[in-house]
2 protein chains.
Amino acid sequence: MRARLMDATIECLVEHGFGGTSTTLISERAGVSRGAQLHHFPTKNDLVVAAVAHLTEVRGAELAAAAAAVPPAHRTRDVLRMLGDHFASPVFIAALELWVGARTDPPLLAAVAPLERKVGRETHRMTVELLGADESKPGVRELVQATLDLVRGLGLAATISDDSRRRNRILDQWAHTLDEALEPTPRRSSPPLLRTSVEQPRRSPG
Amino acid sequence: MRARLMDATIECLVEHGFGGTSTTLISERAGVSRGAQLHHFPTKNDLVVAAVAHLTEVRGAELAAAAAAVPPAHRTRDVLRMLGDHFASPVFIAALELWVGARTDPPLLAAVAPLERKVGRETHRMTVELLGADESKPGVRELVQATLDLVRGLGLAATISDDSRRRNRILDQWAHTLDEALEPTPRRSSPPLLRTSVEQPRRSPG
DNA sequence: CCACAAACAGACAGGCTTGACTGTTTGTTT
DNA sequence: AAACAAACAGTCAAGCCTGTCTGTTTGTGG
């Protein structure tokens, strides 16, 4: 029952946005009477805050699952594809609505901010691991952060004009640039831009 | 009068968010009677759409002014600083509120989407020019787009937790990486990561 | 001075949202 | 079985938002 209400809240956020999400709509969507809803979540804020926490867990789980689904002998591009897909998914949209809504809603912000930081840290750690990046080298940490902020920006753009071709081209080039920058031992000297053809795999499992 | 109302709309978007912006609030903020407001903008949608157009012009003007203020003998970092600042400014916040609000509001989306594309194109062109990038080379265009999506992502993050140190570190590193990637003639062979010390200027005016 | 239209002012009704409130069912303990 | 609490159902009042409506001022052409 609580779970149904929180799920319905997230669905309403995706479908109607933060402003268009009313408690009545949520209870209807969840198939729960208004009385029951008010019993479990006395105020709208209680419900939304609970939904934020729930969404945080869902995002963590989806990210972990997506990470596990990345091919064992993967290239940088595979990792970026996974990240790009996550940051264009409904859970990200719901998080975005909450994020933006929380900006002008102090109690909600108090709930969203720490959880968002948590997801951010987890995502960062996961990305470092998948990329096999060495954060002890100066600049590597910042490049990983830049990568995550990039996919966040791409995800934002995707919410209103989903041009996936554009996104893929950008991520293609980013993968190449990232490879060049993260390359532990620069064996080839120069070509800083995408050679339109192949990229050789860099890593094998274990 | 019309201008006062549109300005007040944008201010309300920044202060109270899209959901918290009511026509009554706008008229109060503008110091305009409700009757006058309804005379100039019969519906809320009319007002918001007009504000979107107005905001587009303001953004264009602010960007142009910021671009003009970039030092004549500038480095990549200066351009990124300018972009980073713009995408953390109130006009960007207002645009973000409209952007997210428009996602679930078809008539608003119809007004926002084309204007946003216009600003995007202008910003892209301006950035290419400031960076002196050669878009005829494959991959360059995508790197510029990635840069803009990156600052958009950074701007989004800045709305709820303004960690400017983090942002500056990321942009420092990205400036360096971008320089390496865009460098027309790779004279030095390798160092792909930030040398913590100096970066030499690359361009002089004219 | 008059006629007319645009600009402005404020009251009002209809609809929606939130949370309080009363009543009913279910389950558990004694 | 009785007592009690938790879960559930639905109604209601207060408040806000939007857009319509009527009335007033300002400006302009004849």
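About the cut-offs
- Residues numbered from 1 in each chain as written.
- Chains lettered and ligands numbered in written order.
- Predicted model: local features only at pLDDT ≥ 70, side-chain atom pairs only at ≥ 80, totals over all residues.
- Heavy atoms only, no water.
- pLDDT = per-residue confidence, 0-100.
- Contact = heavy atoms within 4.5 Å.
- Near = heavy atom within 4 Å.
- Polar contact = N/O pair within 3.5 Å; in protein donor to acceptor, adjacent residues only side chain to side chain.
- Helix = DSSP H or I, 4+ residues; strand = E, 2+ residues; numbered from the N terminus.
- Nonpolar A, V, L, I, M, F, W, Y, C, P; charged D, E, K, R; others polar.
- Salt bridge = Lys/Arg side-chain N within 4 Å of Asp/Glu carboxyl O.
- Least-squares fit on C-alpha atoms with pLDDT ≥ 70 in both.

J.: Help me understand the confidence of the model for chain A, please; the structure alone is not making it clear to me.
T.: Predicted coordinates in areas of low pLDDT are best not read in detail. All names here are of chain A. For chain A, the average pLDDT comes to 88, and 89% of its residues sit at 70 or higher. The model gives residues 185–192 a pLDDT under 50, and that stretch makes twelve contacts with residues more than four places away or in other chains. Long-range and interchain partners of residues 194–206, a stretch whose pLDDT sits below 50, account for 25 contacts in this model, where long-range means more than four residues apart.

J.: What is the right way to look at the protein's contact with DNA strand D in this model?
T.: The full set close to DNA strand D counts 13 residues, and H39 and H40 of chain A together with T23, R34 and K44 of chain B are the nearest of them. Note that a phosphate oxygen of DNA strand D is positioned 2.7 Å from one of the backbone N or O atoms of T23 of chain B. Between DNA strand D and the protein, one listed contact pairs a base nitrogen with a side-chain N or O atom of R34 of chain B at 2.4 Å. Elements that contribute at least two residues to the surface near DNA strand D include exactly helix 3 (34–40) of chain A together with helix 2 (23–30) and helix 3 (34–40) of chain B. Among the elements that take part in the surface near DNA strand D, helix 3 of chain A stands out by supplying four residues, more than any other. Looking at the surface near DNA strand D residue by residue, the classes come out as three nonpolar, eight polar and two charged.

J.: I would appreciate a short explanation of the interface of chain A and chain B in the present structure.
T.: Each partner contributes residues to the interface: chain A has 44 residues there, and chain B has 45 residues. Linking chain A with chain B are six salt bridges, by the criterion used here. Linking R103 of chain A and E97 of chain B is a salt bridge whose minimum nitrogen-to-oxygen distance equals 3.0 Å. At the surface where chain A touches chain B, the tally comes to 16 residue pairs in polar contact (both at pLDDT 80 or more). At the level of elements, helix 1 (2–16), helix 6 (90–103), helix 8 (140–160) and helix 9 (164–182) of chain A are the ones that each hand at least two residues to the side of chain A that touches chain B. For the side of chain A that touches chain B, the class distribution of residues is 22 nonpolar, twelve polar and ten charged.

J.: Sorry if this is basic, but what is going on with the relation of the copies chain A and chain B here?
T.: Superposition of the two copies of the chain requires a rotation about an axis together with a shift along that axis. Note on the copies: chain A fits chain B at an RMSD of 0.0 Å, the axial shift is 0.0 Å, and the rotation between them is 180°. One copy is carried onto the other by what is essentially a two-fold rotation axis. Taken as a fraction of all interface residues of chain A, those also at the interface in chain B reach 98%, which identifies the copy contact as same-surface.

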